[in-house]
Amino acid sequence: MTKDFIPLLQKCSLQIQDLLKTTPACYLNTTNTSGDAQLQIDVAADKIIEKELMGSKFIAGLCSEEKSEAIFKDTGSYLVAYDPLDGSSIIDSNLSVGSIFGIYEKEFKASALVASAYVVYGPKLEFVFADDKLTHFIYNTNGWEEKNLATLKTQGKINAPGGTQKNWDPKHKKLIESLFEEGYRLRYSGGMVPDLHQILIKGGGLFSYPATLDSPKGKLRKLFEVFPFAFIYEKAGGEAIDGKKRLLELEIQSLHESTPCFFGSKNEIEKVRKYYE
Ligand code: AHM
Ligand code: MG
């Protein structure tokens, strides 16, 4: 049952929240498979989640942004792909960061995604879980309190454009400029979890991380970041595409593969399609 993941992932999030309070943001001399420098706290958060997931009888394996290979075991049928600490480059400035989880059945591929979740470590600890429905929890003095998360409106006011602007494609520049000309506000922290969470909470907008000259396949990774949020955005009544195709229809060749991605409400995604066609 995918619902069994709720207490398990919430348990991980409480431990990582404690870790964030006590661990300095210092770099190790190592990089992950995507070439990002690893912080001590990235590796520690990865270990917390690995320990909890590997101890669970309904999980058959896992892969993480911080591990080069997947790990398998003999029990269960679910596979979990996760980014233990997303936004590690903004930890030192004390902005909100997150964890992201994709729950796959038997294979690491978009069509096998059955549930996904994210955690926001901010002034409050929040947890959003999606399977057949979307559930939002906030941690307070009485424990986890379930909240109502409204679906996205057809159009919002937020524009969250990722990637180095000087390396954007001309059509992408035109898309982003046209949104600002229409009155959209810039909201981009550099952490996809709080940036995508803000669009969900405020009811609409666009988050983009496009193909750029220096990263032709974008930056954000399919299994750990893009597919889980695409699943959540679709459940919230929004859309998630790579510019043309639905993200959840993309194939996967390797565990750490990335893709350009756009998440948003219906009208903004329609606009992306128009500029990218
Ligand atoms: P990370 O998993 O190493 O933290 O990288 C992913 C993060 C996302 O949270 C965010 O949207 C993106 O990288 C920001 O990248 P940029 O600084 O290029 O805008
Ligand atoms: Mg990440």
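Every value quoted in this text rests on a predicted model; they were computed, and no experiment measured them.

A. Molecular detail of a nonpolar patch on the surface. On the surface, a cluster of nonpolar side chains totalling about 270 Å² of accessible area is made up of F180, L186 and Y188. Following the sequence through the fold, F180 ends up in helix α3 (residues 170–181). On the accessibility criterion, F180 (34% relative accessible area) is partly exposed.

B. Local environment of the coordination of the magnesium ion (ligand 2). Around the magnesium ion (ligand 2), the protein contributes the donor atoms D83 (OD), D86 (OD) and E225 (OE), which lie 1.9 to 2.0 Å from the metal centre. All donors of the magnesium ion (ligand 2) belong to a single chain; written as a sequence motif, their spacing is D-x2-D-x138-E. Note that D83 is positioned in strand β5 (residues 78–86) and E225 in helix α5 (residues 222–235), a separation of 142 residues in sequence. Take D83 and E225: they sit in the same class, and that class is buried.

C. Focus on the pairing of strand β10 (residues 143–147). Summarising the sheet, strand β9 (residues 134–140) and β10 pair through 5 bridges and their orientation is antiparallel. Bridged to F137 within β10 is E146. Taken together, β9 and the strand that follows it, β10, pair antiparallel across an intervening segment of 2 residues.

D. Summary view of helix α1 (residues 5–22). Along its 18 residues, α1 runs 26 Å from first to last C-alpha, staying within 8% of the 26 Å computed at 1.5 Å per residue. Buried within α1 are the following residues: F5, I6, L8, L9, Q10, C12, S13, I16, Q17 and L19.

E. Looking closely at the sheet that holds strand β11 (residues 158–161). What the 5 strands build is an open sheet, ordered β12-β11-β13-β15-β14; its pairing is mixed. The open sheet has two edge strands, β12 (185–186) and β14 (239–241), and neither has a second partner. With 4 bridges joining them, strand β13 (residues 205–209) and strand β15 (residues 261–264) adopt antiparallel strand pairing. Its bridge partner being in β15, F207 is matched across the sheet by F263. Running at roughly 25 degrees to β15, α5 makes contact with β14 and β15 of the sheet.

F. Here's a closer look at the side chain of Q38. Relative to the elements of secondary structure, Q38 occurs in strand β2 (residues 37–39). At 2.8 Å, the side chain of Q38 and the side chain of T30 are in polar contact. Excluding residues that lie within four positions of it along the chain, Q38 makes contacts with Y27, L28, T30, T31, N32, V43 and E66.

G. Structural context of the pattern of salt bridges. For the structure on display, the rule yields 18 salt bridges. E107 is the partner of K109 in a salt bridge, and the nearest nitrogen-oxygen pair spans 3.3 Å. The salt bridge partner of E270 is R273, with a shortest N-O separation of 3.3 Å. Within this pair, E270 and its partner R273 are both found in helix α6 (residues 266–276), separated by 3 residues, close to a single helical turn. On the accessibility criterion, R273 (26% relative accessible area) is partly exposed.

H. Broad picture of the nonpolar core. Counting residues in each nonpolar core, the largest one holds 43 residues, and the members touching the most others are F207, L223, F227, F229 and F263. Once residues within four sequence positions are removed from consideration, F229 is found in contact with I100, Y118, M192, V193, L196 and F263.

I. The packing of α1 against helix α2 (residues 40–54), seen in detail. Close contact between α1 and α2 brings their axes to 10 Å; oriented N to C, the two are set at 155 degrees. Taken as axis vectors, α1 and α2 run roughly antiparallel relative to one another. Considering how the two elements wind past one another, α1 and α2 form a crossing that is right-handed. Contacts from L8, L9, K11, C12, Q15, I16, L19 and L20 in α1 reach I41, A44, A45, I48, I49, E52 and L53 in α2. Along the lines of polarity and charge, the residues of the contact of α1 with α2 split into 12 nonpolar, 1 polar and 2 charged.

J. Structural context of the side chain of K67. Take K67: it is sitting in the loop between β3 (59–64) and β4 (71–72). Classification of K67 by relative accessible area gives buried; the value is 12%. One polar contact links K67 to E50, side chain to side chain, over a distance of 2.6 Å. The contacts of K67, once residues within four sequence positions are left out, are T33, D46, E50, L62, Y82 and H256.

Reading guide: rules and limits
Residues numbered from 1 in each chain as written. Chains lettered and ligands numbered in written order. Predicted model: local features only at pLDDT ≥ 70, side-chain atom pairs only at ≥ 80, totals over all residues. Heavy atoms only, no water. Patch = residues over 30% accessible without salt bridge, like charges linked within 9 Å, V, L, I, M, F, W, Y side chains within 5 Å. Areas by Shrake-Rupley, 256 points an atom, 1.4 Å probe, with all protein chains shown as cover. Salt bridge = Lys/Arg side-chain N within 4 Å of Asp/Glu carboxyl O. Helix = DSSP H or I, 4+ residues; strand = E, 2+ residues; numbered from the N terminus. Buried < 20%, exposed > 50% of the residue type's maximum accessible area, 1.4 Å probe, protein only. Donors = N, O, S within 2.8 Å, 3.2 Å for Na, K, Ca; no water. Pairing = 2+ DSSP bridges. Expected span 1.5 Å × (residues − 1). Contact = heavy atoms within 4.5 Å. Axes fitted to C-alpha atoms, helices over the stretch in contact; angles between N-to-C directions. Polar contact = N/O pair within 3.5 Å; in protein donor to acceptor, adjacent residues only side chain to side chain. Core = buried A, V, L, I, M, F, W, Y, C linked by side-chain atoms within 4.5 Å. Parallel < 35°, antiparallel > 145°, perpendicular 65-115°, else oblique. Left-handed = near helix turned anticlockwise from the far one by under 90°. Nonpolar A, V, L, I, M, F, W, Y, C, P; charged D, E, K, R; others polar.

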